[in-house]
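The residues making up each chain are set out below.
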Amino acid sequence: MSRIKGVFAALKGRRAALIPFIAGGDPALSATVPLMHALVRAGADLIEVGMPFSDPMADGPVIQMAHQRALAAGATTRAVIDQVAAFRRDDGRTPVILMGYVNPVETMGYEAFACACRAAGVDGVILVDMPPEEAAEWRACAVREGVDTIFLLSPTTPAERLAVIANASTGFLYYVALKGVTGASHLNVADAAARLAAVRASSALPVGVGFGIRDPGSAAEVGRFADAVIVGSAIVERMAAKDTIDEVLADVEVFVRDLRAALPERASRTSS
Amino acid sequence: MSYEQPDARGHFGPYGGRFVAETLMGPLAELERAYAQARTDPAFQAELAADFRDYVGRPSPLYFAERLTADAGGARIYLKREDLNHTGAHKVNNTIGQALLAKRMGKKRLIAETGAGQHGVATATVAARLGLSCVIYMGAEDIARQAPNVRRMRLLGAEVVSVTLGSRTLKDAMNEAMRDWATTVDETFYVIGTVGGPHPYPVMVRDFQAVIGEEARRQFLEREGRLPQALVACVGGGSNAMGLFYAFLADAEVDLYGVEAAGKGLASGQHAAPLTAATGRGVLHGARSYLMFDEDGQIRDTHSISAGLDYPGVGPEHAWLKDIGRARYVAVGDEMALAAFHRLTRLEGILPALESSHALAYAHELAGRLGHEAAIIVNLSGRGDKDVESVAAYEEAKTCRA
């Protein structure tokens, strides 16, 4: 069983998984591995690491700035993969997902990228600007290397596309809970819950919910119905407000611990 | 030769496609359906034709540039006068088409990216006319170098948003417009200004701009009773070039030249010539095409004296035309473009946009190489009033350095 499957299976019916996001190489490459370990100590069930891109079109200003800081500090796609490999030396259990944009991955080559991911212990990859319709070659490479391909769903996804996306996805589905970019603040929890019900009708995969979850309160609300709660901008924004890496580590650990504590334990949703 | 591009999913050979975040996939499919209906609807086409005639002032003249021809010493040079359109550039052909489509779709708000400001002005213009609200995204650097157009957009009632992240030019403005669109997609129509972006934009913008080549072909046949030897147009994203070329694609005897911005020289790396430099193919702003990026796939900063050409990518159909050899792509640097700007102004009394000056520079050289029997058409895609201040500032700075 893959690490991602294992985590969702273990949590099924108990509580939502917590997936914090950090931008790889922000504020420095040397901070990424200690941050990942801090996230695990704080209760992260999976970790999502951003691969830097000069033009992150689906991201709001907080994560744009994080990518710019990372690039200025010398981060590259390869360097972020290397950080995952370094993390794996001390943590063989926590699933790691890379999130990024197509061009850097295509520049490395889908095959080389998938191979490097497997070797480093990356469990899944999200390419924000690559819908399933354009992903045949990438998926073939990822499948060969045993790397999960996680695709996004959004409030604007028409019903007939749900199956296309579900069929292309492995590991879990990522539901973008609002129309907009990362870090937006107009999350409508009731709407997300209703849409998730429709998604579950088309796929047996776990469904993570992200975009717009900013604090323990919204994490708790989403955690009532989602299989995973994904928090990015709120973490990255706090990091950007700190002066030293030690302060960043301490602050992130406290914040993520609060997020995790807020996720409600629940009675078994299904009988399985 | 039959030319059936793009395919049903917007691919021109390996280029084009639809590389966007999931939030935009549904809206793009909706746009594709709406455009497919409008394209074959006689009422829509009649409305467009009437606006082209009465509001834009089409057909734009095909002007024989006699003194420029004598100066070049070879082929007869004709100018397709898109600079005489309402708002002063070819951009309005496309914004009128997209705004009519927005109205059909019930959208209340137009957004657009702009580099030189011509597309922003053309979008703000049609928004004012149709009573739609309008937001234009423009890089902070471009706002500084194209101030007259910024003032025009504001007079027309548009909000001009300064984009201060990234390289602060056209590419960053496009990122920001896409973010806006993803957030406000229910009420907003994103008016892309070039033959780039995700499907169906490249084909839709080409169709709206194709009027340039259709007119030029007819006008030239009337004047000379034959086809020209070559067409020359500048290429940033490539909409004026695609508009001129499209009606001539099947005329194999007509050579097509797209002129990119060589900036400070291809060797310097400070240019905006992805097709000519041919350093890579990649994905940006929704489509695969030739693109300028580093060894990690990060998009490179570009340079051109002309804000409208200062862009690291190019429309996917140009990538395809290059690969199949139907069009040739060359590059002209800042200094040569500037010389062509002055030359046309002094010889013909026409102040060209710095973007179009790149095409004029190459056409001058090409005409000199061709014999007196040949004739070429240059797309004079825009007027240069917007550039008067920045040309003066550039030359003053050069004098100070000297």
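Right above here is the structure, for reference.
In this report, the structure presented in the accompanying data block is examined. (Residues numbered from 1 in each chain as written. Chains lettered and ligands numbered in written order. Predicted model: local features only at pLDDT ≥ 70, side-chain atom pairs only at ≥ 80, totals over all residues. Heavy atoms only, no water.)

With that settled, the discussion passes to the overall build of chain A. When its secondary structure is counted, chain A shows 12 helices and 9 strands. Taking 19 Å as the expected radius of gyration for a compact globule of 272 residues, we find that chain A reaches 17 Å, a close match to that expectation. Counting only C-alpha atoms, chain A reaches 45 × 40 × 35 Å along its principal axes. Sequence separation of at least 24 residues holds for 73% of the intrachain contacts in chain A that already meet a minimum separation of 6. Accessible area for chain A stands at about 9700 Å²; split by element, carbon and sulfur atoms hold 53% of it. The average position of the 26 basic charges and that of the 30 acidic charges among the side chains of chain A differ by 7 Å. (Helix = DSSP H or I, 4+ residues; strand = E, 2+ residues; numbered from the N terminus. Rg over C-alpha atoms; globule rule 2.2 N^0.38 Å. Contact = heavy atoms within 4.5 Å. Areas by Shrake-Rupley, 256 points an atom, 1.4 Å probe, with all protein chains shown as cover. Lys, Arg positive; Asp, Glu negative; His and termini not counted. Charge placed at Lys NZ, Arg CZ, Asp CG, Glu CD.)

With that settled, consider the overall build of chain B. The helix and strand tally for chain B stands at 16 helices and 14 strands. Expected size for 402 residues packed as a compact globule is a radius of gyration near 21 Å; at 19 Å, chain B falls within 12% of this value. Each principal axis of the C-alpha distribution contributes one length, and for chain B these read about 55 × 50 × 40 Å. Expressed as a percentage of the 402 residues in chain B, the buried residues total 66%. (Buried < 20%, exposed > 50% of the residue type's maximum accessible area, 1.4 Å probe, protein only.)

All names here are of chain A. Buried within helix α7 (residues 136–145) are the following residues: W138, C141, A142 and E145. Projected onto a plane normal to the axis of α7, the buried residues spread over an arc of 100 degrees and lie on a single side. For α7, exposure combined with an orientation more than 90 degrees from the buried face picks out A136, V143 and R144. Looking one or two places after α7, you find G146, whose phi comes out positive at around 70 degrees. (Arc of directions from axis to C-beta.)

Before going further, it helps to examine the packing of aromatic side chains. Going through the model one piece at a time under the given rule, you end up with 14 aromatic pairs over all chains. For the ring pair F113 of chain A and W138 of chain A, a centre distance of 5.7 Å and an interplane angle of 50 degrees mean the geometry is tilted. Here F113 of chain A is found in helix α6 (residues 110–120), whereas its partner W138 of chain A is found in helix α7, with 25 residues between them in sequence. You can call W138 of chain A buried: its relative accessible area is 2%. Consider the rings of Y15 of chain B and Y290 of chain B, whose centres lie 5.8 Å apart with planes at 35 degrees: the pair is tilted. (Phe/Tyr/Trp six-rings, centres within 6.5 Å; stacked < 30°, edge-to-face > 60°.)

All names here are of chain B. Put simply, helix α2 (residues 42–56) and helix α4 (residues 91–104) touch, their axes get as near as 10 Å, and they point 135 degrees apart. By the criterion of interaxial angle, the relationship of α2 to α4 is oblique. Crossing geometry of α2 relative to α4 is assigned as right-handed. Two secondary-structure elements touch here, α2 through F44, E47, L48, D51, F52, Y55 and V56 and α4 through V92, N93, I96, G97, L100, L101, K103 and R104. Grouping the constituent residues of the contact of α2 with α4 by class yields 9 nonpolar, 2 polar and 4 charged. (Axes fitted to C-alpha atoms, helices over the stretch in contact; angles between N-to-C directions. Parallel < 35°, antiparallel > 145°, perpendicular 65-115°, else oblique. Left-handed = near helix turned anticlockwise from the far one by under 90°. Nonpolar A, V, L, I, M, F, W, Y, C, P; charged D, E, K, R; others polar.)

Opposite the 38 residues of chain B that make contact, chain A presents 41 residues. Taking both partners together, chain B and chain A bury about 2900 Å²; carbon and sulfur atoms supply 50% of that area. Remark: the boundary between chain B and chain A carries 4 salt bridges. Between D55 of chain A and K171 of chain B there is a salt bridge, and its shortest N-O distance comes to 2.7 Å. Our count for the chain B to chain A interface comes out at 21 residue pairs in polar contact (both at pLDDT 80 or more). Contributing elements (two or more residues each) for the side of chain B that touches chain A: β2 (15–19), α1 (22–39), α8 (170–184) and β11 (281–284) of chain B. For the side of chain B that touches chain A, the leading source of residues is α8 of chain B, giving 8 residues. (Buried area = accessible area lost by both parts, 1.4 Å probe. Salt bridge = Lys/Arg side-chain N within 4 Å of Asp/Glu carboxyl O. Polar contact = N/O pair within 3.5 Å; in protein donor to acceptor, adjacent residues only side chain to side chain.)

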